[in-house]
Every structure is written in structure tokens, then in C-alpha cells.
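Now for the letters of each chain:
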Amino acid sequence: MNNGTAESPFSPSAEKSETLSNNPSAFLSQITGAKVAVKLNSGVEYRGDLQCVDGYMNIALEQTEEYVDGVLKNQYGDVFIRGNNVLYISSI
């Protein structure tokens, strides 16, 4: 350790970040209620407030915007996305 400035790989914060990177459920629980971007296999992206995600990766968003090729196409109140269409979810 450099006078206590270097973080040990066994410190609680290192363990927490490793757990989040290896545990999608924990990540999704943490970002529930936050703004997210959901990219579909088709290339369409939805951005909105994440309300819930189930075990099949079905996603419910509120105050959602639809982007096609990076261009805003539509705005919706509530959106439900079937999990088999999801390429990724990212917090924004």
C-alpha cells in the first residue's frame, strides 16, 4: 500500500464493484427508478425511467423516448419491452 492510498483488492468497495459487474440482478435493482437506455436487437433504442425488470428481462419504462438511428422518433408514456428483444440496458 502507498501510505494507505492504494485500494486493496479485498476492500469492501472493491468487492462491491466486482459484485455489481458480475451480478446483473444487483445492477438492475440499483438502477430501478433511474433513467436508462435500452437497445433492442433491431437497433432501436428506448430511453426512459426504469420501473421494473423480471427474470425474463421483460422491461417496463415510463416517460419513454424512441430513437431510430440516433434520431428521436416518438415519445410514449409507458412502454413494455419483451426481454428476448433486448440487446442491452445501460444507465444514463
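What counts as what
Residues numbered from 1 in each chain as written. Predicted model: local features only at pLDDT ≥ 70, side-chain atom pairs only at ≥ 80, totals over all residues. Heavy atoms only, no water. Phe/Tyr/Trp six-rings, centres within 6.5 Å; stacked < 30°, edge-to-face > 60°. Lys NZ or Arg CZ within 6 Å of the ring centre and 35° of its normal. Helix = DSSP H or I, 4+ residues; strand = E, 2+ residues; numbered from the N terminus. Contact = heavy atoms within 4.5 Å. Pairing = 2+ DSSP bridges. Axes fitted to C-alpha atoms, helices over the stretch in contact; angles between N-to-C directions. Buried < 20%, exposed > 50% of the residue type's maximum accessible area, 1.4 Å probe, protein only. Polar contact = N/O pair within 3.5 Å; in protein donor to acceptor, adjacent residues only side chain to side chain. Core = buried A, V, L, I, M, F, W, Y, C linked by side-chain atoms within 4.5 Å.

A. Region of the structure containing the packing of aromatic side chains. Applying the stated criterion to the full structure yields zero aromatic pairs. Sitting over the ring of Tyr 67, Arg 47 keeps its end group 4.0 Å from the ring centre.

B. Structural view of the environment of Asp 78. Within the fold, Asp 78 resides in strand S4 (residues 71–81). Once the C-alpha coordinates of Asp 78 and Glu 62 are considered, the two residues, 16 residues apart in sequence, prove to be 4.5 Å apart. When residues no more than four places from it in sequence are discounted, the contact partners of Asp 78 are Leu 61 and Glu 62.

C. How the structure looks around unusual backbone geometry. For Gln 63, which is not a glycine, the phi torsion comes out positive at approximately 50 degrees. With respect to the helices and strands, the residue Gln 63 is situated in strand S3 (residues 59–68).

D. A look at the sheet that holds strand S5 (residues 86–91). Pairing is antiparallel across the open sheet formed by five strands, whose spatial order is S4-S3-S2-S1-S5. Two strands in the sheet have a free side with no partner beyond their single neighbour: S4 and S5. Averaged over all adjacent pairs, the angle separating strand axes in this sheet is 30 degrees, with direction ignored. Where S3 and S4 come together, nine bridges link them in antiparallel fashion. By the bridge assignment, Ala 60 is partnered in S4 with Phe 80. On the sheet, helix H2 (residues 24–31) packs against strand S1 (35–40), strand S2 (45–53) and S5 and is oriented at approximately 55 degrees with respect to S5.

E. Region of interest: the side chain of Thr 64. Counting through the fold element by element, Thr 64 comes out in strand S3. Not counting the four nearest positions on each side in its chain, Thr 64 is found in contact with Tyr 46, Arg 47, Gly 48, Asn 74, Gln 75, Tyr 76, Gly 77 and Val 79.

F. The arrangement of the side chain of Glu 45 in detail. As for its position among the elements, Glu 45 is in strand S2. Relative accessible area serves as the criterion here: at 13%, Glu 45 is assigned to the buried category. A polar contact is formed between the side chain of Glu 45 and the side chain of Arg 47, at a distance of 2.6 Å. Those residues in contact with Glu 45, other than ones at most four positions away along the chain, are Ala 37, Val 38, Lys 39, Glu 65, Glu 66, Tyr 67 and Tyr 88.

G. How the structure looks around the nonpolar core. By size, the foremost hydrophobic cluster in this structure holds 14 residues, and its most contacted members are Val 36, Val 38, Ile 59, Leu 61, Ile 81 and Ile 89. In terms of residue count, S1 provides more of this core than any other element does, three residues in total. What Leu 61 contacts, discounting residues up to four positions off in sequence, is Val 36, Val 38, Tyr 46, Gly 48, Asp 49, Leu 50, Gln 51, Gly 77, Asp 78, Val 79 and Ile 81.

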